[in-house]
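Coordinate analysis (summary)
Single-letter residue listing:
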Amino acid sequence: FGVLPDHAPMVAALGFGFLTVRVPGEGEQLYCTGDGLFEVDGNRAYVLVNTVEFCDEIDVERAEAAKGRAEKRLKENPENLDIERARAALFRSITRLKIAEKK
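Residues numbered from 1 in each chain as written. Predicted model: local features only at pLDDT ≥ 70, side-chain atom pairs only at ≥ 80, totals over all residues. Heavy atoms only, no water.

1. Here we look at the overall build of the protein
Selection rule: We count a stretch as a helix when DSSP gives it H or I for four or more residues in a row; a strand needs E for two or more, and each element gets its number in order from the N terminus. Throughout, exposure labels follow a simple rule: accessible area from a 1.4 Å probe, protein chains only, divided by the maximum for the residue type, with under 20% read as buried, over 50% as exposed, and the rest as partly exposed. Working rule for contacts: check all heavy atoms of both residues, and any pair within 4.5 Å makes them a contact. Under the convention used here, a 1.4 Å probe and the Shrake-Rupley method define accessible areas, while residue burial counts only the protein chains that appear. When charges are tallied, Lys and Arg are placed among the positive residues and Asp and Glu among the negative ones, while His and the ends of the chain are skipped. A charged residue contributes its charge at one atom only: NZ of Lys, CZ of Arg, CG of Asp or CD of Glu.
Per the secondary structure count, the protein includes two helices and six strands. Secondary structure elements of the protein, listed N to C terminal, follow the sequence β-β-β-β-β-β-α-α. Projecting the C-alpha coordinates of the protein onto the three principal axes gives extents of approximately 50 × 25 × 20 Å. Within the protein, buried positions represent 23% of all 103 residues. For the protein, contacts bridging at least 24 residues in sequence account for 47% of all contacts bridging at least 6. When the accessible surface of the protein is totalled, it reaches about 7,700 Å², and 50% of it is carbon and sulfur. Computed over 15 positive and 18 negative side-chain charges, the inter-centroid distance for the protein is 6 Å.

Set out below in structure tokens:
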């Protein structure tokens, strides 16, 4: 979703993903964010998340390794595998790689 000047007040839950911040006259910055909240109050927007990475700071090798581990776990599907946790790890690594490609 986008937020423009004089946006109605709102609060929204955020999942792991990316956030693009555009400031007129200053350009655009891309972030990878963890779970959290987004709030608009007046002409201010607040992002409250438990983790954030600048696009330029994403360790591509680490993200690729994490992706490989998650894919291997899901493929092998051991009896004690927490499938939701493995899927979340895969999603996070893929998201980081997509964001890193955009820099």
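Continuing now.
2. Some points on the packing of helix 1 (residues 60-76) against helix 2 (residues 83-101)
What counts here: Orientation is described by axes fitted as lines to C-alpha atoms, over the contacting stretch for helices, and by angles from 0 to 180 degrees between their N-to-C directions. Between 65 and 115 degrees an angle is taken as roughly perpendicular, under 35 as roughly parallel, over 145 as roughly antiparallel, and anywhere else as oblique. For any helix crossing, the convention is left-handed if the near helix is rotated counterclockwise from the far helix by under a right angle, and right-handed if that rotation is clockwise.
As a packed pair, helix 1 and helix 2 sit with axes 8 Å apart at the nearest point and diverge in direction by 150°. In this view, helix 1 runs roughly antiparallel relative to helix 2, as classed from their interaxial angle. Crossing of helix 1 against helix 2: the hand is left-handed. Every residue of helix 2 that contacts helix 1 at V60, A63, E64, A66, K67, A70, E71 and L74 is listed here: I83, A86, R87, A89, L90, S93, I94, R96, L97 and A100.

3. Here's the deal with the pairing of strand 2 (residues 17-23)
Rules: At least two DSSP bridges between two strands are needed for those strands to be called paired.
Sheet topology places strand 2 next to strand 3 (residues 27-33); seven bridges connect them, and they run antiparallel. In the sheet register, F18 faces strand 3, and the bridge partner there is C32. The antiparallel pairing of strand 2 with strand 3 creates a hairpin that spans three residues between the two strands, and G25 there sits at a positive phi of about 80°.

4. A word on the layout of surface pockets
The condition that has to hold: For each structure, a 1 Å grid was placed over the protein atoms alone; sets of points admitting a 1.4 Å probe that cannot get out are labelled cavities, open sets with protein on both sides within 12 Å along at least five of seven lines are labelled pockets, and lining residues have an atom within 4 Å of a point. Grid points are joined across faces, edges and corners, and a volume is the space filled by probe spheres set on the points. Amino acids outside the nonpolar list (Ala, Val, Leu, Ile, Met, Phe, Trp, Tyr, Cys, Pro) and the charged list (Asp, Glu, Lys, Arg) are all regarded as polar, and Gly is one of them.
The computed volume of the largest pocket comes to approximately 710 Å³. Lining the largest pocket are 24 residues, and of these V3, L19, T20, V21 and F38 sit closest to its centre. Those elements that place two or more of their residues in the lining of the largest pocket are strand 2, strand 4 (36-41) and strand 5 (44-49). In terms of residue class, the lining of the largest pocket is built from 15 nonpolar, seven polar and two charged. The computed volume of the second largest pocket comes to approximately 340 Å³. For the second largest pocket, the lining is made up of 14 residues, of which R62, A66, R69, R92 and R96 are closest to its centre. Secondary structure elements with two or more residues in the lining of the second largest pocket: helix 1 and helix 2.

5. What about helix 1?
Our working definition: Helices are assigned an expected span. That span is 1.5 Å times one less than the residue count. Our arc is simply the arc of the directions from the helix axis toward the C-beta atoms. Here a polar contact is recorded for every N or O atom pair within 3.5 Å, except that within protein the pair must consist of a potential hydrogen donor and a potential acceptor, and residues adjacent in sequence are included only if both atoms are side-chain atoms.
Here helix 1 contains 17 residues, and its C-alpha end-to-end distance of 24 Å stays within 8% of the 24 Å for a straight helix at 1.5 Å per residue. A63, A66 and A70 are the residues of helix 1 that are buried. Relative to the axis of helix 1, the buried residues are bounded by an arc of 60° and lie together on one face. Across from the buried face of helix 1, at angles greater than 90 degrees, the exposed residues are E61, K72, K75 and E76. Where helix 1 is buried, its residues touch helix 2. Sitting at the amino-terminal end of helix 1 is D59, which places a side-chain oxygen 3.2 Å from the backbone nitrogen of E61. Where helix 1 terminates, the next one or two residues include N77, which has phi positive at roughly 45°.

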